[in-house]
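Summary of the model geometry
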Amino acid sequence: MADIRFSTGQNAPPNIDGKKAGRTALLIAILVAALVLIFNSFVIVQEGYVGVKYRLGKIVTVDTEAGLKIKIPFIEEYRMVDKREQVYEFRGDAFTRDSQPVNELYLKATYRYQQDRIEEIIRDVGIEFVQDKYFVPNVQRIAKDIIGRYEAERLVQSRFEVQQQIEEELYAWLIERGVILTSFAIENINFEAKFLEAVENKVVAEQDVARMRHQTEERRIEAEQIEIAAKAEAFRITTEAEAEAAAIALIQAQIAQNVNYIEYLKIVNWNGVLPMVIGDGVNPFVVLGANDNAPTVTAPSNTAPVYMPQYD
């Protein structure tokens, strides 16, 4: 009867185990290498960024669109440039035309890059050095130069005008270099306490003078109105007097031309009531029964009563 023997791993030849381990390690290495190659073949450009592709250190293209990008592993790479607005702040001091120190000068500028000139900016100064090369020296230079054109008191009153001039000059300088200045502001500008107090006192004095001038003007207008009203009243009185004089002259002319005109006026103006007594006291004329409440006057016996009409 034949003997049956079982083989175990311990009895396997050592060279067979080494080959299997070597193949496994090689497969793992190939898999890792493939994964590395795959992951290094793609890059994602986020929204708000520009992808700058380099090939062996040289700029190949500037991709402005966000999304998945393909590159050659270990030969090409992408660097991201933030195309959104950037902020630069400056804090310092300056001097006015009349040598007044400006303390706590605080300027703020926002800017962004021209996308079609990003490659130029990278080659000239580098994106990371834009503020140091462009803003740090020039914002101070332009701001101090323009502030130095104004006397301190006028600078306080013309802050917005000064801000516009700095912005315009800085914008013109930056746009030539591919940087767009989107806004500029003088956030704070302060002087010594004594100067501010003097300016405040002067403003208060000017306001008082302006108020007094306004009151004087109001009184002048009021006096003119009174004078105009008085002249109007005088004109009215004069006009009425002239009209009355003209009327009297006309009546007199009519009387002179027609002796019966006065009798006509009496008849026209008579109110229909007879006079109670009329005369000189010797031969009075009496009206009998004209008014029941009127006293009765008796004429002398030798004088006949005469009835006369009563005029207003």
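Above this note sits the structure.
Figured I'd write up the structure that's included with this text. (Residues numbered from 1 in each chain as written. Predicted model: local features only at pLDDT ≥ 70, side-chain atom pairs only at ≥ 80, totals over all residues. Heavy atoms only, no water.)

Within this structure, the stated rule accounts for 13 salt bridges. When the shortest N-O distance is used, the salt bridge between Arg-117 and Glu-120 registers 2.9 Å. Judged by its relative accessible area of 18%, Arg-117 falls in the buried class. Here Glu-120 falls in the partly exposed class, since its relative accessible area comes to 34%. When salt bridges that share partners are traced, they join Asp-145, Arg-149 and Glu-169 into one network. (Salt bridge = Lys/Arg side-chain N within 4 Å of Asp/Glu carboxyl O. Buried < 20%, exposed > 50% of the residue type's maximum accessible area, 1.4 Å probe, protein only.)

The subject of this paragraph is the nonpolar core. Grouped together as the largest cluster of nonpolar side chains are 41 residues, with contacts concentrated most on Leu-105, Tyr-113, Val-130, Phe-135 and Val-179. Residue contributions to this core peak at eight residues, all from helix 3 (residues 130-147). Ignoring any residue separated from it by four or fewer positions in sequence, one finds Tyr-113 in contact with Val-81, Asp-82, Gln-86, Ile-118, Ile-121, Ile-127, Val-130, Gly-178 and Val-179. (Core = buried A, V, L, I, M, F, W, Y, C linked by side-chain atoms within 4.5 Å. Helix = DSSP H or I, 4+ residues; strand = E, 2+ residues; numbered from the N terminus. Contact = heavy atoms within 4.5 Å.)

Moving on, we come to the packing of aromatic side chains. Under the definition given, this model contains four aromatic pairs. Centre to centre, the rings of Tyr-88 and Phe-135 are 5.4 Å apart; their planes meet at 40°, and the pair counts as tilted. Of the two residues, Tyr-88 is situated in strand 6 (residues 86-95) and Phe-135 in helix 3; the sequence distance between them amounts to 47 residues. Each member of the pair, Tyr-88 together with Phe-135, is buried. Judged by centre distance (5.6 Å) and plane angle (80°), the rings of Tyr-134 and Trp-173 are edge-to-face. Pair noted here: Tyr-134 is in helix 3 and Trp-173 is in helix 5 (residues 159-175), with a separation of 39 residues, a long-range link. Each member of the aromatic cluster is reached from another via a ring pair, and the members are Tyr-88, Tyr-111, Tyr-113 and Phe-135. In this arrangement the basic side chain of Arg-79 is found over the ring face of Tyr-54, its NZ or CZ atom lying 4.3 Å from the centre. When the ring centre of Trp-173 is taken as reference, the NZ or CZ atom of Arg-177 above it lies at 3.7 Å. (Phe/Tyr/Trp six-rings, centres within 6.5 Å; stacked < 30°, edge-to-face > 60°. Lys NZ or Arg CZ within 6 Å of the ring centre and 35° of its normal.)

With that out of the way, let us pick up the sheet that holds strand 5 (residues 76-82). Strand pairing in a sheet relies on backbone hydrogen bonds, with the paired strands running either antiparallel or parallel. Pairing within the open sheet is antiparallel, and its three strands lie in the order 3-2-5. If you trace the sheet from one side to the other, it starts and ends with strand 3 (58-63) and strand 5, each paired once. For this sheet, the mean angle separating the axes of adjacent strands, direction not counted, is 30°. As judged from the five bridges shared by strand 2 (residues 49-55) and strand 3, these two strands associate in the antiparallel manner. Bridge pairing in strand 3 places Arg-55 opposite Lys-58. (Pairing = 2+ DSSP bridges. Axes fitted to C-alpha atoms, helices over the stretch in contact; angles between N-to-C directions.)

Here we take up helix 5. With 17 residues, helix 5 extends 24 Å from end C-alpha to end C-alpha; this agrees with the ideal 24 Å at 1.5 Å per step. Buried residues of helix 5: Val-162, Gln-163, Ile-166, Leu-170 and Leu-174, and no others. Down the axis, helix 5 shows its buried residues gathered within 100° of arc, on one side only. Pointing more than 90 degrees away from the buried face of helix 5 are the exposed residues Phe-160 and Glu-168. Considering only its buried residues, helix 5 is in contact with helix 3, helix 4 (152-157) and strand 8 (179-190). (Expected span 1.5 Å × (residues − 1). Arc of directions from axis to C-beta.)

Before going further, it helps to spend a moment on the sheet that holds strand 6. Read across the open sheet, the three strands follow the order 6-7-8; overall the sheet is antiparallel. Whereas interior strands pair on both sides, the edge strands pair on one side only; in this sheet they are strand 6 and strand 8. On average, adjacent strands in this sheet sit at an angle of 20° to one another, irrespective of strand direction. Relative to strand 7 (residues 101-113), strand 6 runs antiparallel, the two being bridged by nine bridges. By the bridge assignment for strand 7, Ala-94 is matched with Val-102.

Let us look at a nonpolar patch on the surface. A cluster of nonpolar residues, Ile-28, Val-32, Val-36, Leu-37, Leu-56, Ile-72, Phe-74 and Ile-75, forms a patch on the protein surface that exposes about 760 Å² of accessible area. Inspection of the secondary structure puts Phe-74 in the loop between strand 4 (67-70) and strand 5. (Patch = residues over 30% accessible without salt bridge, like charges linked within 9 Å, V, L, I, M, F, W, Y side chains within 5 Å. Areas by Shrake-Rupley, 256 points an atom, 1.4 Å probe, with all protein chains shown as cover.)

A few words on the environment of Val-102. Inspection of the secondary structure puts Val-102 in strand 7. Placed 90 residues apart in sequence, Val-102 and Glu-192 show a C-alpha to C-alpha distance of 7.7 Å. Sequence-distant contacts of Val-102, defined by excluding residues within four places in its chain, comprise Gly-92, Asp-93, Ala-94, Thr-96, Ile-147, Leu-155, Ile-189, Asn-190 and Phe-191.

We now examine the environment of Glu-192. Looking at the secondary structure, you find Glu-192 in the loop between strand 8 and helix 6 (193-257). What makes Glu-192 partly exposed here is its relative accessible area of 40%. Considered as a pair, Glu-192 and Glu-104 are 88 residues apart in the sequence and their alpha carbons are 10.0 Å apart. Beyond its immediate stretch of four places on either side in the chain, Glu-192 contacts Gln-100, Pro-101 and Asn-103.

No statement about biological role is implied by the geometric values presented.
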